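Examination of the molecular architecture
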Amino acid sequence: MTATAHMTAPSLQQLAPTIVPKVKDGDLATAQLGALVLGAALIGGAWATGGERFYFSYLVGYMGVLGICLGALFFTMVQHITRAGWGICVRRLAENIMGALPLMALLFVPIYVGFDHLFHHWVHPDPNDHLVAGKSAWLNKNFFVARIVIYFAIWIAMAFFFRRASLQQDENGDPAVSLRLSRVAAPGLLLFALSVTFAAFDWIMSLDPHWFSTIFGLTYFAGAYMAFFAFTILMAKWLGKRGYLRGAITVEHYHDLGKLMFAFVVFWTYTNFSQYMLIWYANLPEETRWFADRAEGGWGAIGTLLVFGHFFIPFGFLMSRHVKRNGVTLSIGAILLLVVHCFDMQFLILPTAGSHEQGPAEHGAGHVANAAEAVETGIARFTHDFGTYLHGVHWADFGCFVGLFFVLVGATLWNVRRANLVPLRDPRLAEALHFQNF
Amino acid sequence: MTNNTKWGVVAEFDSAASIYHAAEKVTHHGYTRVDAHTPFPVHGLDRALRQGPSPLGWIVVCCGATGICLAQLMMWWMNGHDYVFWVSGKTPYAWPSTIPITFECMVLLSGFGAVFGMFGLNRLPRLHHPIFRHSTIWRATDDRFFLSIEATDPKFDSRETVRFLESIGGKHVEIVEE
């Protein structure tokens, strides 16, 4: 007997014998395979029809879905550092989602292949471009590739560490595991914040290497974490329909997940508005050009769509506790937010696509043309811009997002089927099962 | 005592669990004008007492909406109408510049709504309450849990109600004068 044997936590079997601890052998295999095949087919179709545009479309989907995995890692660490009791059962689902990070590293390959197209502006800079030349210490291919390795090494190591320790606790029931994880979560969150910030700088912000915004990493994280909650709610609801997690993730937990999703709708707005207002106020040409690009080519309509779809509508919709405690309305909110998350990624990435040859002169011409159109206002302007957007958008800009989304669903199910559905012997499991909102 | 009208009956309980079960029995028995006084929030006690949802949320929403409107009205009047002043080429009363102040006014009035709305719903401030006449009520802020049934309850009967509270485990069951 080990020294800790006398202080093991009560198991799920003792606390709630009616909860199914593990997915039945072979169950959900069809769904897992179906999700992976559908995802692969959509990405393959996008690749076959997209041409050079495919790389940008893929980046849209990739950054959107990667954010969900990173959100899962963040959620797990926050649960540990706060020693939260309510979310023990939700945490296992998050652990299964972040278990897809090694696959996400593999799925980075198309971005590496399309490197020259995506990051054209700084890979092949204009020799007279002093701004980009000044950033060459950071924006060069060798360091860029090294950073990809570093980011994924950090994320995969942390995801592996937290998930494995949690699964081991299922076996040994040692409460000391929880204490150790809460200590590791503190430096872990610091590493996470830095790595995600720089990854967002590298993979989205450097598409337009002239532009810079120190809050950019945070704006990316805010949307990603919101998408993680939307994804988790939908996954848990779906597993609940299949008879799993019943009694483990209850209406009380959905209520809390809904509150957090609502909170990060607001936080996304807060960070994005902070970025926008400072740039608007200071009015420096090298900063405002990024937003000027997003007023042209129909992107103004997507900006408006984000203001309403990513803030006003979900803010009003998710405010009531009845909406968050009702499975159908909460799921509708989650789906809406995943759709606008895709638009958000498009808004960040696509306006820089296909503008390889566009010099400053053409930019000026674009502004003049835009001024002529500006006579229209309100709904008419929105409709006109949205028409322009639809004309320019490729189906792959949605297809890759949906495809990678289903790949993540499949990878999550792969992990869900192999691990226990809830942390069987977490010391706070009883608290989680009996949790109630005031 | 100048006036001998009864306010209600107050009973003391030992634990959160015992007051929870007592609350269930009291409401099950048909009492409606009931309340609990505990040293800390007890989960589910409001449901056991069959308390309706608080209207405070609606008060806060209305106050927040008022804050938004007042802030916009103020800035439209001052910056866009009464004293138009161009600063660094920005349109007077441009929407991005109004957001922080609108947000702050919404938070301020929502906060007022929450605090003073709670005061109003609880009929605060007041200097004294009949329940303080109960002999051990001071322990409600320490280690005891109290259940009260008011005399205005249609089922209230001074002898019957006292006996009922004693039968469900209440100690120091006392009739409290107005």
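Small disclaimer: the values here were computed from a predicted structure and weren't measured.

The next point concerns the overall build of chain A. For chain A, the helix and strand inventory stands at 21 helices and zero strands. Expressed as lengths along the three principal axes of its C-alpha atoms, the size of chain A is roughly 75 × 45 × 40 Å. A burial count over chain A gives 53% of its 438 residues as buried. A fraction of 85% describes how many contacts in chain A between residues 6 or more apart in sequence connect residues 24 or more apart.

The next subject is the confidence of the model for chain B. Residue and element names in this part refer to chain B. Overall, the predicted model of chain B reaches an average pLDDT of 92, with 98% of residues at or above 70. Ranking the elements of chain B by mean pLDDT puts helix α2 (residues 45–48) last with 90 and helix α4 (residues 95–121) first with 96. For this predicted complex, the interface score ipTM comes out at 0.83, while the overall pTM is 0.90.

On to the packing of aromatic side chains. Between two aromatic rings, the relevant description is the distance of the centres plus the angle of the planes. Residue and element names in this part refer to chain A. Under the definition given, this model contains 63 aromatic pairs over all chains. Ring geometry for Phe 262 versus Phe 315: centroids 5.3 Å apart, planes at 20 degrees, classification stacked. Placement of Phe 262 in helix α13 (residues 251–282) and of Phe 315 in helix α15 (residues 299–318) is noted, with a sequence separation of 53 residues between them. An aromatic cluster is defined as three or more aromatic residues linked by ring pairs; in this entry it consists of Phe 74, Phe 75, Trp 86, Phe 192, Phe 221, Tyr 225, Phe 228, Phe 229, Phe 264, Phe 267, Tyr 270 and Phe 435. The aromatic ring of Trp 414 is capped on one face by Arg 418, whose charged end is 3.9 Å from the ring centroid.

With that settled, the discussion passes to the packing of helix α3 (residues 53–81) of chain A against helix α4 (residues 88–98) of chain A. Residue and element names in this part refer to chain A. Interhelical geometry of α3 versus α4 gives an angle of 140 degrees and a closest axis separation of 8 Å. Crossing geometry of α3 relative to α4 is assigned as left-handed. Contact residues: α3 offers Ile 68, Cys 69, Ala 72, Leu 73, Phe 75, Thr 76, Gln 79 and His 80, while α4 offers Ile 88, Val 90, Arg 91, Ala 94, Glu 95, Ile 97 and Met 98. Looking at side-chain class alone, the contact of α3 with α4 contains ten nonpolar, three polar and two charged residues.

With that out of the way, let us pick up the interface of chain B and chain A. Taken together, the contacts link twelve residues of chain B with ten residues of chain A. Buried area between chain B and chain A, summed over both chains or domains, comes out near 1,100 Å², and the portion from carbon and sulfur atoms is 70%. Contact with chain A buries surface across chain B, with B:His43, B:Lys90 and B:Pro96 losing the most and accounting together for 46% of the total. Connecting chain B to chain A are zero salt bridges. The interface formed by chain B and chain A holds four residue pairs in polar contact (both at pLDDT 80 or more) in total. For the side of chain B that touches chain A, the element with the highest residue contribution is α4(B), accounting for five residues.

What follows deals with a nonpolar patch on the surface. Residues and elements named next belong to chain B. A contiguous nonpolar patch, built from Leu 70, Leu 73, Met 74, Trp 76, Trp 77, Met 78, Tyr 93 and Ile 101 and spanning about 750 Å² of accessible area, is present on the exposed surface. Among the elements that take part in the nonpolar patch, helix α3 (residues 56–82) stands out by supplying six residues, more than any other. With respect to the element layout, Leu 73 can be found in helix α3.

So, about the confidence of the model for chain A. Scored by pLDDT, chain A comes out at a mean of 91, with 93% of its residues at no less than 70. This stretch, residues 356–368 of chain A, has a pLDDT under 50; its non-local contacts, to residues over four places away or in other chains, come to eleven contacts.

Residues and elements named next belong to chain A. Taking 1.5 Å of rise per residue, 22 residues should cover 32 Å, and helix α2 (residues 29–50) covers 31 Å from first to last C-alpha, within 8% of that figure. Within α2, burial applies to Gln 32, Ala 35, Gly 39, Ile 43, Ala 46 and Gly 50. Summarising the axial view, the buried residues of α2 lie within an arc of 75 degrees, below the 170-degree limit, and thus occupy one face. Seen from the open side of α2, the exposed residues pointing more than 90 degrees away from its buried face are Thr 30, Leu 33 and Ala 48. Of the surrounding elements, those touching the buried residues of α2 are α3 and α20 (396–418). Of the residues trailing α2, Gly 51 is marked for its positive phi of about 65 degrees.

Our next topic: the nonpolar core. Of all hydrophobic cores here, the largest spans 140 residues; its most connected members are A:Tyr62, A:Leu66, A:Trp155, A:Trp203, A:Met261 and A:Ile349. Top element by residues in this core is α3(A). It accounts for 18 residues. When near neighbours in sequence (up to four residues on either side) are disregarded, A:Ile349 contacts A:Phe56, A:Leu59, A:Val60, A:Met63, A:Ile204 and A:Leu207. Judged by nonpolar contacts, the second largest core, of 23 residues, contains B:Phe13, B:Val34, B:Leu165 and B:Ile168.

Now for the pattern of salt bridges. In total, this model carries 19 salt bridges over all chains according to the counting rule given. The shortest N-O distance in the salt bridge between A:Arg92 and A:Glu95 comes to 2.8 Å. Taken together, the positions of A:Arg92 and A:Glu95, both in helix α4 and three residues apart, correspond to about one turn of that helix. Overall, A:Arg92 belongs to the buried group, its relative accessible area being 0%. Where B:Arg139 meets B:Asp143, a salt bridge forms, and the shortest distance between an N and an O atom there is 2.9 Å. By relative accessible area, B:Asp143 is classed as partly exposed at 29%. Taken together, the shared-partner salt bridges in this structure form one network comprising B:Glu12, B:Asp14, B:Arg139, B:Asp143, B:Arg144 and B:Lys171.

Criteria and cut-off values
- Residues numbered from 1 in each chain as written.
- Chains lettered and ligands numbered in written order.
- Predicted model: local features only at pLDDT ≥ 70, side-chain atom pairs only at ≥ 80, totals over all residues.
- Heavy atoms only, no water.
- Helix = DSSP H or I, 4+ residues; strand = E, 2+ residues; numbered from the N terminus.
- Buried < 20%, exposed > 50% of the residue type's maximum accessible area, 1.4 Å probe, protein only.
- Contact = heavy atoms within 4.5 Å.
- pLDDT = per-residue confidence, 0-100.
- Phe/Tyr/Trp six-rings, centres within 6.5 Å; stacked < 30°, edge-to-face > 60°.
- Lys NZ or Arg CZ within 6 Å of the ring centre and 35° of its normal.
- Axes fitted to C-alpha atoms, helices over the stretch in contact; angles between N-to-C directions.
- Left-handed = near helix turned anticlockwise from the far one by under 90°.
- Nonpolar A, V, L, I, M, F, W, Y, C, P; charged D, E, K, R; others polar.
- Buried area = accessible area lost by both parts, 1.4 Å probe.
- Salt bridge = Lys/Arg side-chain N within 4 Å of Asp/Glu carboxyl O.
- Polar contact = N/O pair within 3.5 Å; in protein donor to acceptor, adjacent residues only side chain to side chain.
- Patch = residues over 30% accessible without salt bridge, like charges linked within 9 Å, V, L, I, M, F, W, Y side chains within 5 Å.
- Areas by Shrake-Rupley, 256 points an atom, 1.4 Å probe, with all protein chains shown as cover.
- Expected span 1.5 Å × (residues − 1).
- Arc of directions from axis to C-beta.
- Core = buried A, V, L, I, M, F, W, Y, C linked by side-chain atoms within 4.5 Å.

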